[in-house]
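# A structural walkthrough
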Amino acid sequence: NAGVTQTPKFQVLKTGQSMTLQCAQDMNHEYMSWYRQDPGMGLRLIHYSVGAGITDQGEVPNGYNVSRSTTEDFPLRLLSAAPSQTSVYFCASSYTLGGQLGAGELFFGEGSRLTVL
Amino acid sequence: GESVGLHLPTLSVQEGDNSIINCAYSNSASDYFIWYKQESGKGPQFIIDIRSNMDKRQGQRVTVLLNKTVKHLSLQIAATQPGDSAVYFCAENSLYSSASKIIFGSGTRLSIRP
(Lines give C-alpha, C1' and ligand atoms only; values in the text may rest on other atoms or scores of the structure.)
Protein backbone atom coordinates (compact mmCIF):
# COMPACT_ATOMS: atom_id res chain seq x y z
CA ASN A 1 0.00 0.00 0.00
CA ALA A 2 1.24 3.45 -0.89
CA GLY A 3 -0.99 5.13 1.72
CA VAL A 4 -1.39 8.87 1.13
CA THR A 5 0.62 10.23 -1.79
CA GLN A 6 1.18 13.94 -2.34
CA THR A 7 2.66 15.59 -5.41
CA PRO A 8 4.69 17.63 -5.98
CA LYS A 9 7.00 17.48 -2.94
CA PHE A 10 8.45 20.91 -3.72
CA GLN A 11 7.12 23.83 -5.76
CA VAL A 12 8.12 27.46 -6.27
CA LEU A 13 5.52 29.87 -7.62
CA LYS A 14 5.40 33.53 -8.45
CA THR A 15 2.71 35.72 -6.95
CA GLY A 16 -0.48 35.40 -8.97
CA GLN A 17 0.29 32.00 -10.48
CA SER A 18 -2.08 29.11 -10.04
CA MET A 19 -1.36 25.51 -9.26
CA THR A 20 -2.87 22.31 -7.93
CA LEU A 21 -1.46 20.14 -5.16
CA GLN A 22 -2.41 16.54 -5.73
CA CYS A 23 -3.40 14.05 -3.05
CA ALA A 24 -4.29 10.41 -3.60
CA GLN A 25 -4.98 7.61 -1.14
CA ASP A 26 -5.40 3.89 -1.78
CA MET A 27 -6.99 2.92 1.54
CA ASN A 28 -10.60 3.49 0.45
CA HIS A 29 -10.95 6.25 3.03
CA GLU A 30 -14.06 8.39 2.79
CA TYR A 31 -12.55 11.26 4.76
CA MET A 32 -9.81 13.43 3.31
CA SER A 33 -8.45 16.77 4.41
CA TRP A 34 -5.81 19.41 3.73
CA TYR A 35 -3.72 21.14 6.38
CA ARG A 36 -1.05 23.80 6.16
CA GLN A 37 1.87 24.02 8.54
CA ASP A 38 3.85 27.22 8.93
CA PRO A 39 7.32 27.28 10.56
CA GLY A 40 7.20 26.56 14.28
CA MET A 41 3.45 26.21 14.25
CA GLY A 42 0.84 23.54 14.30
CA LEU A 43 -1.35 22.33 11.49
CA ARG A 44 -4.32 24.39 10.40
CA LEU A 45 -7.22 22.79 8.60
CA ILE A 46 -7.95 24.26 5.15
CA HIS A 47 -10.69 22.08 3.68
CA TYR A 48 -12.03 18.61 4.23
CA SER A 49 -14.33 16.07 2.62
CA VAL A 50 -16.38 13.22 4.07
CA GLY A 51 -16.96 11.58 0.71
CA ALA A 52 -17.08 12.02 -3.04
CA GLY A 53 -19.02 15.11 -3.99
CA ILE A 54 -18.93 16.57 -0.46
CA THR A 55 -16.49 19.25 0.70
CA ASP A 56 -16.48 21.74 3.56
CA GLN A 57 -14.34 24.55 4.90
CA GLY A 58 -11.86 24.26 7.71
CA GLU A 59 -10.13 26.96 9.76
CA VAL A 60 -8.29 28.77 6.94
CA PRO A 61 -10.13 28.16 3.62
CA ASN A 62 -9.60 31.55 1.93
CA GLY A 63 -7.48 31.39 -1.22
CA TYR A 64 -7.96 27.65 -1.69
CA ASN A 65 -10.43 25.52 -3.62
CA VAL A 66 -11.05 21.80 -3.44
CA SER A 67 -13.18 19.21 -5.18
CA ARG A 68 -13.81 15.52 -4.55
CA SER A 69 -14.89 13.72 -7.69
CA THR A 70 -13.56 10.31 -6.60
CA THR A 71 -12.93 8.59 -3.28
CA GLU A 72 -9.21 8.34 -4.04
CA ASP A 73 -8.33 11.93 -4.96
CA PHE A 74 -8.62 15.28 -3.21
CA PRO A 75 -6.74 18.05 -5.07
CA LEU A 76 -6.10 21.46 -3.52
CA ARG A 77 -6.11 24.43 -5.90
CA LEU A 78 -4.49 27.80 -5.43
CA LEU A 79 -6.09 30.11 -7.99
CA SER A 80 -3.82 33.13 -7.44
CA ALA A 81 -0.87 32.36 -5.19
CA ALA A 82 0.21 34.88 -2.56
CA PRO A 83 3.40 34.98 -0.44
CA SER A 84 1.21 34.30 2.62
CA GLN A 85 0.52 30.87 1.16
CA THR A 86 4.15 29.85 1.50
CA SER A 87 3.90 26.80 3.72
CA VAL A 88 4.11 23.04 3.95
CA TYR A 89 0.85 21.39 2.96
CA PHE A 90 -0.27 18.04 4.30
CA CYS A 91 -3.03 15.83 3.02
CA ALA A 92 -4.61 13.35 5.43
CA SER A 93 -7.27 10.66 5.18
CA SER A 94 -9.28 8.47 7.48
CA TYR A 95 -12.37 6.37 7.86
CA THR A 96 -15.84 7.77 8.46
CA LEU A 97 -18.60 6.54 10.71
CA GLY A 98 -22.15 7.45 9.89
CA GLY A 99 -20.98 9.95 7.30
CA GLN A 100 -18.76 11.85 9.73
CA LEU A 101 -15.17 11.54 10.82
CA GLY A 102 -15.06 8.97 13.56
CA ALA A 103 -12.47 8.12 16.14
CA GLY A 104 -9.22 6.83 14.76
CA GLU A 105 -6.03 8.09 13.29
CA LEU A 106 -5.51 10.41 10.40
CA PHE A 107 -3.06 9.02 7.86
CA PHE A 108 -0.82 11.81 6.57
CA GLY A 109 1.16 12.22 3.41
CA GLU A 110 4.78 13.35 3.42
CA GLY A 111 3.91 16.95 2.67
CA SER A 112 4.29 19.42 -0.21
CA ARG A 113 6.56 22.40 0.41
CA LEU A 114 5.32 25.48 -1.44
CA THR A 115 7.18 28.76 -1.78
CA VAL A 116 5.48 31.80 -3.29
CA LEU A 117 7.81 34.59 -4.36
CA GLY B 1 -12.28 31.49 19.51
CA GLU B 2 -11.92 27.94 20.64
CA SER B 3 -8.47 26.49 20.40
CA VAL B 4 -6.17 23.73 21.47
CA GLY B 5 -2.93 24.99 22.95
CA LEU B 6 0.23 23.81 24.66
CA HIS B 7 1.93 25.07 27.81
CA LEU B 8 5.53 24.73 26.60
CA PRO B 9 6.94 25.04 23.09
CA THR B 10 10.14 23.05 23.86
CA LEU B 11 11.09 20.30 26.28
CA SER B 12 14.57 18.89 26.91
CA VAL B 13 14.79 15.53 28.66
CA GLN B 14 17.64 13.27 29.72
CA GLU B 15 17.71 9.95 27.87
CA GLY B 16 16.07 7.32 30.03
CA ASP B 17 13.96 9.78 31.98
CA ASN B 18 10.19 10.13 31.60
CA SER B 19 8.78 12.95 29.47
CA ILE B 20 5.54 14.77 30.13
CA ILE B 21 4.01 16.95 27.44
CA ASN B 22 1.01 19.04 28.40
CA CYS B 23 -1.90 20.41 26.42
CA ALA B 24 -4.85 22.66 27.27
CA TYR B 25 -8.05 22.84 25.29
CA SER B 26 -10.90 25.31 25.49
CA ASN B 27 -13.73 23.68 23.54
CA SER B 28 -15.95 22.07 26.17
CA ALA B 29 -17.72 20.14 23.40
CA SER B 30 -14.55 18.25 22.51
CA ASP B 31 -14.92 14.59 23.30
CA TYR B 32 -12.05 12.97 21.46
CA PHE B 33 -8.35 13.78 21.82
CA ILE B 34 -5.36 12.53 19.93
CA TRP B 35 -1.60 12.83 20.20
CA TYR B 36 0.55 12.93 17.08
CA LYS B 37 4.32 12.77 16.64
CA GLN B 38 6.05 14.57 13.79
CA GLU B 39 9.64 13.81 12.91
CA SER B 40 11.65 16.26 10.86
CA GLY B 41 10.57 16.35 7.22
CA LYS B 42 7.71 13.93 7.70
CA GLY B 43 3.98 14.00 8.17
CA PRO B 44 2.46 13.56 11.65
CA GLN B 45 1.98 10.03 12.93
CA PHE B 46 -0.72 8.87 15.32
CA ILE B 47 0.50 7.94 18.79
CA ILE B 48 -2.50 7.43 21.03
CA ASP B 49 -6.04 8.70 21.51
CA ILE B 50 -8.56 9.01 24.31
CA ARG B 51 -12.28 9.63 24.47
CA SER B 52 -13.85 11.97 27.00
CA ASN B 53 -15.43 9.09 28.93
CA MET B 54 -11.94 7.99 29.99
CA ASP B 55 -9.36 9.59 32.28
CA LYS B 56 -6.35 7.53 31.28
CA ARG B 57 -5.22 5.35 28.45
CA GLN B 58 -1.98 3.47 28.10
CA GLY B 59 -0.05 2.32 25.09
CA GLN B 60 3.43 1.04 24.56
CA ARG B 61 5.64 3.37 26.67
CA VAL B 62 3.04 6.13 26.36
CA THR B 63 0.17 7.18 28.60
CA VAL B 64 -2.39 9.88 27.96
CA LEU B 65 -4.18 11.52 30.87
CA LEU B 66 -7.33 13.60 30.46
CA ASN B 67 -8.68 16.02 33.06
CA LYS B 68 -12.00 17.32 31.81
CA THR B 69 -12.53 19.52 34.84
CA VAL B 70 -9.65 21.80 33.88
CA LYS B 71 -9.66 20.94 30.18
CA HIS B 72 -6.16 19.52 30.22
CA LEU B 73 -4.49 16.48 28.76
CA SER B 74 -0.95 15.20 28.92
CA LEU B 75 1.24 12.70 27.14
CA GLN B 76 3.70 10.75 29.23
CA ILE B 77 6.56 8.92 27.55
CA ALA B 78 8.39 6.40 29.70
CA ALA B 79 12.14 5.85 29.46
CA THR B 80 12.63 8.45 26.73
CA GLN B 81 14.83 7.32 23.86
CA PRO B 82 16.69 9.26 21.15
CA GLY B 83 14.05 8.13 18.66
CA ASP B 84 11.45 10.05 20.64
CA SER B 85 12.96 13.34 19.47
CA ALA B 86 10.19 15.03 17.50
CA VAL B 87 7.44 17.62 17.69
CA TYR B 88 4.36 16.40 19.52
CA PHE B 89 0.88 17.74 18.80
CA CYS B 90 -2.33 17.30 20.66
CA ALA B 91 -5.50 17.47 18.61
CA GLU B 92 -9.19 17.44 19.35
CA ASN B 93 -12.46 16.58 17.69
CA SER B 94 -16.13 16.52 18.58
CA LEU B 95 -17.33 13.11 17.45
CA TYR B 96 -21.00 13.97 17.75
CA SER B 97 -20.92 17.37 16.07
CA SER B 98 -21.93 17.91 12.47
CA ALA B 99 -18.44 19.06 11.53
CA SER B 100 -15.68 16.54 10.89
CA LYS B 101 -12.72 18.59 12.00
CA ILE B 102 -9.59 17.59 13.86
CA ILE B 103 -8.02 20.76 15.25
CA PHE B 104 -4.34 20.70 16.15
CA GLY B 105 -2.41 22.58 18.80
CA SER B 106 0.84 24.42 18.08
CA GLY B 107 3.16 21.58 19.14
CA THR B 108 5.95 20.87 21.64
CA ARG B 109 9.45 20.02 20.48
CA LEU B 110 10.98 17.22 22.52
CA SER B 111 14.76 16.97 22.52
CA ILE B 112 16.72 14.20 24.21
CA ARG B 113 20.01 14.81 26.05
CA PRO B 114 22.45 11.87 25.94
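Please refer to the structure placed before this passage.
All figures in this text were calculated on a predicted structure; none of them were measured in a lab.

This part covers the interface of chain B and chain A. Taken together, the contact between chain B and chain A spans 23 residues of the former and 24 residues of the latter. Looking only at chain B, the three residues that lose the most surface to chain A are B:S100, B:I102 and B:F104, adding up to 29% of its buried area. In this assembly, chain B and chain A are joined by zero salt bridges. Elements represented by at least two residues in the side of chain B that touches chain A include exactly β4 (32–38), β5 (45–51), β9 (86–93) and β10 (103–104) of chain B.

A complete count under the given rule lists two disulfides over all chains for this structure. Each disulfide pairs two cysteine sulfurs, and for A:C23 the partner residue is A:C91, the sulfurs being separated by 1.9 Å. As the torsion about the S-S bond is roughly -75 degrees, the A:C23-A:C91 disulfide counts as left-handed. Here A:C23, found in strand β3 (residues 19–25), pairs with A:C91, found in strand β9 (residues 87–94); they are 68 residues apart in sequence, far enough to count as distant. For the pair shown, A:C23 and A:C91 are each scored as buried. The partner cysteine of B:C23 in its disulfide is B:C90, sulfur to sulfur 1.8 Å. Judged by the sign of its S-S torsion, about 50 degrees, the bond between B:C23 and B:C90 is right-handed. Placement of B:C23 in strand β3 (residues 19–25) and of B:C90 in strand β9 is noted, with a sequence separation of 67 residues between them. Like B:C23, the residue B:C90 is buried in the burial classification.

This brings us to the pattern of salt bridges. On inspection of all chains with the given rule, the structure shows seven salt bridges over all chains. The partner of A:R36 in a salt bridge is A:D38, and the shortest N-O contact between them spans 2.9 Å. Accessibility expressed as a relative area gives 7% for A:R36, which makes it buried. Taking the relative accessible area as the measure of exposure, A:D38 reaches 11% and is therefore buried. For B:E39, the salt bridge goes to B:K42, with nearest N and O atoms at 3.7 Å. With a relative accessible area of 40%, B:K42 lands in the partly exposed category. One salt-bridge network, held together by shared partners, links A:R36, A:D38 and A:R44.

Here is what the cut-offs are and how they apply
Residues numbered from 1 in each chain as written. Chains lettered and ligands numbered in written order. Predicted model: local features only at pLDDT ≥ 70, side-chain atom pairs only at ≥ 80, totals over all residues. Heavy atoms only, no water. Contact = heavy atoms within 4.5 Å. Buried area = accessible area lost by both parts, 1.4 Å probe. Salt bridge = Lys/Arg side-chain N within 4 Å of Asp/Glu carboxyl O. Helix = DSSP H or I, 4+ residues; strand = E, 2+ residues; numbered from the N terminus. Disulfide = S-S within 2.5 Å. Buried < 20%, exposed > 50% of the residue type's maximum accessible area, 1.4 Å probe, protein only.

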